[in-house]
Amino acid sequence: EAGVTQSPTHLIKTRGQQATLRCSPISGHTSVYWYQQALGLGLQFLLWYDEGEERNRGNFPPRFSGRQFPNYSSELNVNALELEDSALYLCASSDLGRSSYNEQFFGPGTRLTVL
Amino acid sequence: DAKTTQPPSMDCAEGRAANLPCNHSTISGNEYVYWYRQIHSQGPQYIIHGLKNNETNEMASLIITEDRKSSTLILPHATLRDTAVYYCIAGNTGTASKLTFGTGTRLQVTL
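Residues numbered from 1 in each chain as written. Chains lettered and ligands numbered in written order. Predicted model: local features only at pLDDT ≥ 70, side-chain atom pairs only at ≥ 80, totals over all residues. Heavy atoms only, no water.

Caption draft 1: Structural context of the overall build of chain A. In terms of helices and strands, chain A carries zero helices and eleven strands. Ordered by position from N to C terminus, the α and β elements of chain A give β-β-β-β-β-β-β-β-β-β-β. Its C-alpha atoms give chain A a radius of gyration of 13 Å, within 12% of the compact-globule value 13 Å for 115 residues. Counting only C-alpha atoms, chain A reaches 40 × 25 × 25 Å along its principal axes. Sorting the 115 residues of chain A into buried and exposed places 51% on the buried side. Partitioning the intrachain contacts of chain A with sequence separation of at least 6 by distance along the chain shows that 53% fall at a separation of at least 24. Just so you have it, chain A exposes about 5500 Å², and 49% of that area is on carbon and sulfur atoms. Looking at chain A, you have 9 positive and 11 negative side-chain charges, and the mean spots of the two groups are 8 Å apart. (Helix = DSSP H or I, 4+ residues; strand = E, 2+ residues; numbered from the N terminus. Rg over C-alpha atoms; globule rule 2.2 N^0.38 Å. Buried < 20%, exposed > 50% of the residue type's maximum accessible area, 1.4 Å probe, protein only. Contact = heavy atoms within 4.5 Å. Areas by Shrake-Rupley, 256 points an atom, 1.4 Å probe, with all protein chains shown as cover. Lys, Arg positive; Asp, Glu negative; His and termini not counted. Charge placed at Lys NZ, Arg CZ, Asp CG, Glu CD.)

Below you can see the structure in the form of structure tokens.
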């Protein structure tokens with residue numbers, strides 16, 4: 001069974017630009033989560049999508065946004081990039097519909113560098 | 001999600017059991033205890049979870065105290081590949097459904 005995949009692996013942008021990160025969940029999983037891990041810091045929850053809808057959002061400004069497509073893949077967009085947006089962005093998926101608990105499977109991440 | 005407290009770092013000799021403690025004194029009755037680990041620069045990996053009973057799988061055992069205010073993750077025979085940051089999370093399913101990661105315990109397994 002294929003795991004969670006993310007693209008690109010690395011992304012380099014300059015301040016003020018926009019970044020788009022992509023995630024494909026495990027087949028059959030309907031929930032996708034995005035987390036940010038800045039250097040030396042823990043994972044911070046960004047967004048949760050389920051069945052195409054945004055279900056929960058972490059404490060991040062509106063320039064962090066995303067969407068989930070009908071095939072349950074997801075996209076994270078970061079507008080007006082700032083230097084402190086440089087981080088590892090992790091995507092996770094889960095199947096809340098069949099599980100009574102929240103086991104999340106993580107992808108390898110996209111490392112975003114803002115210059 | 002309930003706050004969790006873990007020691008920042010621990011060492012363990014290869015082949016010995018690694019016992020990683022976690023305090024979650026404000027955990028509510030419907031919150032599970034999850035353990036994940038993150039090997040350097042990779043995505044976190046699910047290890048085990050429990051509600052109130054002790055649990056065991058092929059990776060580890062989870063011991064939860066009767067009052068549920070603390071738990072211990074046990075890696076029975078630690079190997080060098082178990083060197084990672086281990087996160088203890090007390091979380092709920094349902095409407096929130098996010099995992100709140102703390103700073104975790106950095107486990108160093110040595111020869």
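Caption draft 2: Here's a closer look at the pairing of strand β6 (residues 53–57) of chain A. Residue and element names in this part refer to chain A. Sheet topology note: the strand β5 (residues 43–50)/β6 ladder contains four bridges and is antiparallel. Residue pairing for β6: L47 is matched across the bridge by R57. Counting the residues that bridge the hairpin from β5 to β6 gives two residues, and of these E51 lies at a positive phi of roughly 50 degrees. (Pairing = 2+ DSSP bridges.)

Caption draft 3: A look at the interface of chain A and chain B. Facing 21 residues of chain A, the contacting portion of chain B comprises 20 residues. For the pair chain A and chain B, the summed buried area comes to about 1600 Å², and 54% of that belongs to carbon and sulfur atoms. Inspection of the region where chain A meets chain B yields zero salt bridges. Counting every contact that joins chain A to chain B gives two residue pairs in polar contact (both at pLDDT 80 or more). Those elements giving two or more residues to the side of chain A that touches chain B turn out to be β4 (31–37), β5, β6 and β9 (87–94) of chain A. (Buried area = accessible area lost by both parts, 1.4 Å probe. Salt bridge = Lys/Arg side-chain N within 4 Å of Asp/Glu carboxyl O. Polar contact = N/O pair within 3.5 Å; in protein donor to acceptor, adjacent residues only side chain to side chain.)

Caption draft 4: The environment of E53(A), seen in detail. All names here are of chain A. Residue position: E53 is located in strand β6. Given a relative accessible area of 46%, E53 falls into the partly exposed group. Distance from E53 to L112, taken between C-alpha atoms, is 25 Å for residues 59 residues apart in sequence.

Caption draft 5: Examining the packing of aromatic side chains more closely. All told, the structure shown has eleven aromatic pairs over all chains when counted by the stated rule. On the basis of an interplanar angle of 85 degrees and a centroid distance of 5.2 Å, the ring pair of Y87(B) and F101(B) is categorised as edge-to-face. Of this pair, Y87(B) sits in strand β8 (residues 84–91) while F101(B) sits in the loop between β8 and β9 (105–110), and the two are 14 residues apart along the sequence. When sorted by exposure, Y87(B) lands in the same class as F101(B), which is buried. Taken together, the aromatic side chains of Y35(A), F45(A), F106(A), Y36(B), Y46(B), Y87(B) and F101(B) make up a single cluster linked through ring pairs. (Phe/Tyr/Trp six-rings, centres within 6.5 Å; stacked < 30°, edge-to-face > 60°.)

Caption draft 6: Looking closely at the state of the cysteines. All names here are of chain B. According to the stated counting rule, one finds two disulfides over all chains in the structure shown. Left without a disulfide partner, C12 is nearest to the cysteine sulfur of C22, which lies 18 Å away. Using a relative accessible area of 7% as the deciding quantity, one classes C12 as buried. (Disulfide = S-S within 2.5 Å.)

Caption draft 7: Quick look at the environment of L80(B). Residue and element names in this part refer to chain B. Within the secondary structure, L80 sits in the loop between β7 (70–75) and β8. A residue is classified by how much of its surface remains accessible, and L80, at 40% relative accessible area, is partly exposed. Sequence separation between L80 and K69 is eleven residues; the distance between their C-alpha atoms is 30 Å. Contact partners of L80, with chain neighbours within four places excluded, come to E14, V109, T110 and L111.

Caption draft 8: Geometry of unusual backbone geometry. The omega torsion across S7(A) and P8(A) is -10 degrees, close enough to zero to call that bond cis. Among the structural elements, P8(A) can be located in the loop between β1 (5–7) and β2 (10–13). Positive phi values are uncommon outside glycine, yet Y72(A) reaches one of about 75 degrees. Structurally, Y72(A) is set in the loop between β7 (64–68) and β8 (74–78). Phi at R68(B) takes a positive value of approximately 65 degrees, unusual for a residue other than glycine. Along the chain, the position of R68(B) falls in the loop between β6 (61–64) and β7. Accessibility expressed as a relative area gives 10% for R68(B), which makes it buried.

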